[in-house]
Amino acid sequence: MVAAGLLSTEEERAGRNLIAQAELILSARRGDVPEGFAGLLYGGASVEDLLHYDAKELAAFAESAWDLLQQRVPGRPLVRLSRRVAGGGALSVLEIVNDDMPFLLDSVLGELNEQGLDARLVAHPIVRVERDDGGALVGFYGAAGRNGGVQRESFIHLHVGPVEDAERVSAIVQAIEQVLGEVRLCVQDWKPMLARVRAAIAGLRETPPPLPAEETAEAIAFLEWLVADNFTFLGVRDYALSGEELEPLFETGLGILRERAVRVLRRGGELVTMTPEIRAFLNEPKALIIVKANVRSRVHRRVYMDYIGVKRFDAEGRIVGELRIVGLFTSTAYTRSTRSIPYLRRKVDAVLQRAGFDENSHSGKALVNVLESYPRDDLFQIDEDTLYRFALAIMRLDERPRVRVLPRRDRFDRFVSVLVYVPRDRYGSATRVAIGNMLAEAYRGRVSAFYPMFLEGPLVRVHYIIGRSGGEAPNPERAALEDAVSAIVRTWADDLEAALAVAHEPARAQALFARYRDAFSGAYREAFPATTAVGDIRIIENLSAEAPVNIDFYRRPDDPPHRASLKVWSAGRPMPLSERVPVLENMGFKV
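Keep in mind that this is a model prediction, so the values were computed, not measured.

1. Remarks on the overall build of the chain
Scanning the chain for helices and strands turns up 21 helices and 19 strands. Oriented by its inertia axes, the alpha-carbon framework of the chain measures out at about 105 × 75 × 50 Å. Across the chain, every contact between residues at least 6 apart in sequence was considered, and the portion connecting residues at least 24 apart equals 64%. Counting 76 positive and 82 negative side-chain charges, the chain places the averaged centre of each group 2 Å from the other.

2. Some details on the environment of Asp133
Positionally, Asp133 belongs in the loop between β4 (126-131) and β5 (137-140). Remark: the alpha-carbon pair of Asp133 and Pro74, spanning 59 residues in sequence, is separated by 8.0 Å.

3. A look at the sheet that holds strand β15 (residues 415-423)
In spatial order, the strands read β14-β15-β17-β16; together these 4 strands make up an open sheet with antiparallel pairing. For this open sheet the edge positions go to β14 (404-409) and β16 (446-454), each flanked by a neighbour on one side alone. The mean inter-strand angle of the sheet, taken between neighbouring strand axes irrespective of direction, is 15°. As paired strands, β16 and strand β17 (residues 459-467) are joined by 8 bridges and run antiparallel to one another. Bridge pairing links Tyr451 to His463 in β17. Strands in contact with helix α16 (residues 478-489) are β14 and β15; relative to β14, the strand with the most contacts, it is inclined by about 135°.

4. Some details on the packing of helix α6 (residues 166-188) against helix α7 (residues 190-206)
The relative placement of two packed helices comes down to the angle between their axes together with the axis-to-axis distance. Following both chains from N to C, one finds α6 and α7 inclined at 50°, their axes separated by 4 Å at the closest point. Put simply, α6 runs oblique to α7. Residues Cys186, Val187 and Gln188 of α6 lie in contact with α7, whose contacting residues are Trp190, Pro192 and Met193.

5. Thoughts on a nonpolar patch on the surface
A cluster of nonpolar side chains, Val549, Ile551, Phe553, Val583, Met587 and Phe589, forms an exposed patch at the surface whose accessible area comes to about 530 Å². In terms of residue count, strand β18 (residues 549-554) provides more of the nonpolar patch than any other element does, 3 residues in total. Along the polypeptide, Val583 turns up in helix α21 (residues 577-586).

6. Thoughts on the sheet that holds strand β8 (residues 245-255)
The sheet built from 5 strands is open, its strands ordered β8-β7-β13-β12-β11 with antiparallel pairing. Every interior strand has two partners, whereas the edge strands, β8 and β11 (288-296), have only one. Taken over all neighbouring pairs, the strand axes of this sheet differ in orientation by 30° on average, direction set aside. Along the sheet face, α7 touches β7 (231-242), β8 and β13 (319-329) and points at about 55° away from the line of β7.

7. Side note on the nonpolar core
Membership of the largest hydrophobic core comes to 56 residues, with the highest contact counts inside it found for Phe222, Leu223, Leu226, Phe233, Ile308, Ile325 and Phe329. Of all the elements, helix α14 (residues 384-396) adds the most residues to this core, at 8 residues. Grouped together as the second largest cluster of nonpolar side chains are 39 residues, Val79, Ile96, Val160 and Val179 included.

8. Things to note about the pairing of β11
Among the 9 residues of β11, 7 are classified as buried, and the element is accordingly described as predominantly covered. Two strands pair when backbone bridges link them, and β11 and strand β12 (residues 304-313) are joined in this way by 6 bridges, in the antiparallel orientation. Each residue of the ladder has a partner; that of Ile290, found in β12, is Ile308.

9. Points about the packing of helix α15 (residues 429-442) against α16
Contact pair α15 / α16: the axes reach a minimum separation of 10 Å and the direction vectors enclose 155°. Classified by the angle between their axes, α15 and α16 sit roughly antiparallel to one another. α16 is crossed by α15, and the crossing has right-handed handedness. In contact with Thr431, Ala434, Ile435, Met438, Leu439 and Ala442 of α15, α16 contributes Leu481, Ala484, Val485, Ile488 and Val489. Broken down by class, the residue content of the contact of α15 with α16 amounts to 10 nonpolar, 1 polar and no charged.

10. Quick look at unusual backbone geometry
Here Phe103, not a glycine, exhibits a phi torsion of approximately 75°, which is positive. For Phe103, the position within the fold is in the loop between β2 (89-99) and α5 (104-114). When its relative accessible area of 25% is taken as the criterion, Phe103 is described as partly exposed. Positive phi values are uncommon outside glycine, yet Asp229 reaches one of about 65°. Looking at the element boundaries, Asp229 is found in the loop between α8 (213-227) and β7.

11. Some words on α7
The end-to-end C-alpha distance of α7, which contains 17 residues, comes to 24 Å, matching closely the 24 Å that a straight helix rising 1.5 Å per residue would cover. Three or more residues of α7 are buried, namely Met193, Leu194, Val197, Ala200, Ile201 and Leu204. Along the long axis of α7, the arc covered by the buried residues comes to 120°, so they all point the same way. Summarising the geometry of α7, the exposed residues directed more than 90 degrees from the buried face are Lys191 and Glu206. Against α6, α8, β7, β8 and β13 lie the buried residues of α7.

12. Brief notes about helix α4 (residues 55-68)
Relative to the 20 Å expected for 14 residues at 1.5 Å per residue, α4 spans 20 Å between its end C-alpha atoms, a close match to the ideal helical length. Extensive coverage of α4 is indicated by the burial of 11 of its 14 residues. Where α4 begins, the side chain of Asp54 points an oxygen toward the backbone nitrogen of Lys56, at a separation of 3.1 Å.

13. Observations concerning the environment of Phe140
Here Phe140 shows up in strand β5. Its relative accessible area of 18% is what places Phe140 among the buried residues. A C-alpha to C-alpha distance of 8.8 Å links Phe140 and Val150, two positions 10 residues apart in sequence. Phe140 has contacts with Pro34, Phe37, Leu40, Trp66, Leu69, Val127, Arg128 and Val129, leaving out every residue within four places of it along the chain.

Cut-offs applied
Residues numbered from 1 in each chain as written. Predicted model: local features only at pLDDT ≥ 70, side-chain atom pairs only at ≥ 80, totals over all residues. Heavy atoms only, no water. Helix = DSSP H or I, 4+ residues; strand = E, 2+ residues; numbered from the N terminus. Contact = heavy atoms within 4.5 Å. Lys, Arg positive; Asp, Glu negative; His and termini not counted. Charge placed at Lys NZ, Arg CZ, Asp CG, Glu CD. Pairing = 2+ DSSP bridges. Axes fitted to C-alpha atoms, helices over the stretch in contact; angles between N-to-C directions. Parallel < 35°, antiparallel > 145°, perpendicular 65-115°, else oblique. Patch = residues over 30% accessible without salt bridge, like charges linked within 9 Å, V, L, I, M, F, W, Y side chains within 5 Å. Areas by Shrake-Rupley, 256 points an atom, 1.4 Å probe, with all protein chains shown as cover. Salt bridge = Lys/Arg side-chain N within 4 Å of Asp/Glu carboxyl O. Core = buried A, V, L, I, M, F, W, Y, C linked by side-chain atoms within 4.5 Å. Buried < 20%, exposed > 50% of the residue type's maximum accessible area, 1.4 Å probe, protein only. Left-handed = near helix turned anticlockwise from the far one by under 90°. Nonpolar A, V, L, I, M, F, W, Y, C, P; charged D, E, K, R; others polar. Expected span 1.5 Å × (residues − 1). Arc of directions from axis to C-beta. Polar contact = N/O pair within 3.5 Å; in protein donor to acceptor, adjacent residues only side chain to side chain.

This is the structure we're talking about:
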């Protein structure tokens, strides 16, 4: 069995034959390697990637992999990064033997990407093995062999670009080991983390805090939604309120928050346990805070972690601290209706009620669609007033598409979230980069992330996250930002339309624009502004059989006194150089 993807039947057959040949070579070379080991190793790999190698090379990789499997300290990953020459060039092979658990491959690939290494071949079989107390392999049962007394192990086999420097090899191996250590902590503590959150739910239910009943009920519903497989828990820790500060109770840490040094908040360039945002939350009549952490996850997905803070109260209803939860919302948080997600549903319902549209009306359905397609991470964090204003502004883009910029500054200046709508036919990677650079300069920050979305209709939405390192964020006028974006996406044809509108009455301007919008070559557009084209169009429009030619000598502002330029218009036929040049030379010009 090989991973075929979009390959043809012939290529699939070639892949199977290649693995079969590697099996024969390996069995002839090593009698101790189990039959079918090469097929097990490469069975899930892409045929397209395997075909870069010959059978001898694949057999050599499999032989080396078998040797690596022979010894592993129980409970610890075995990581090897070695340089090879195969497939017509140099490469490095990363091999990892580990206890089977979730998130291994995607976490490793995320670290390789962080290290600037692209995977050229990916193989990840799960095998059943038996080891003695010292970790020596005493039994190998393939992928689906004997069950009793064996353990499942993950074998990751990756090919990447060559890593030549020994120090870099050591650094990459160390980074991979750290990532795998975090994965192990999260997997080991998964059930204890669920239990901790369920205990918080029970506490809110059995001893309601001095908060509005609706707030407490929604907090309970949200936490229950989290533990119902809608959140990947990466860390949990209790914090005690001491004066104006939150002190970590390290002994309560689970997952990545077991490690004392781990901080998920940042103030400026410093990792901290308390921020003005958390302090403000403690003083508000809310049970939960849902924000983005300032630190990226190294487990599962390389994105900024989601942070949920739950207030902790004593028996008298006094705030005594916070239960801090970090992790990643699962795909259901992004694909299910907002009306099915606690906290979001309340926010969305408030906007719909405030807008006053009948949900079955055209406007009501349009607003619901806007809210359902709103960037989900932002929807968790945005306040209701801002969401109301932005949602109505987006809804009106269906009626009149235009450039629109909707910036939301994080109230503690950690970042600025900006939704930018531009015409689809003006959007491209260069446009996206130019807009991002403009926003980064406007907010004195950097483009931390961008998420383009091709909507139905003529517009594209790009969601920019402008990260900031400290200080108060500037607050440029939205109109100024939209003017700047409009200038970036503006085309020569836009300028021509505007210039014609100034020079002619509306009906005539529209007719001329329709006729000449695509009439001018790229070379002309680079050489002349649209205002010049308006004059040229007037001349062209006046050409006739009686007056088929028009000539214009002119000098550009930066031309020297001894130079002039010439335009020649000829109706009906091109005027060859053999006719033009002698006339000009007779006038004393050198062409």
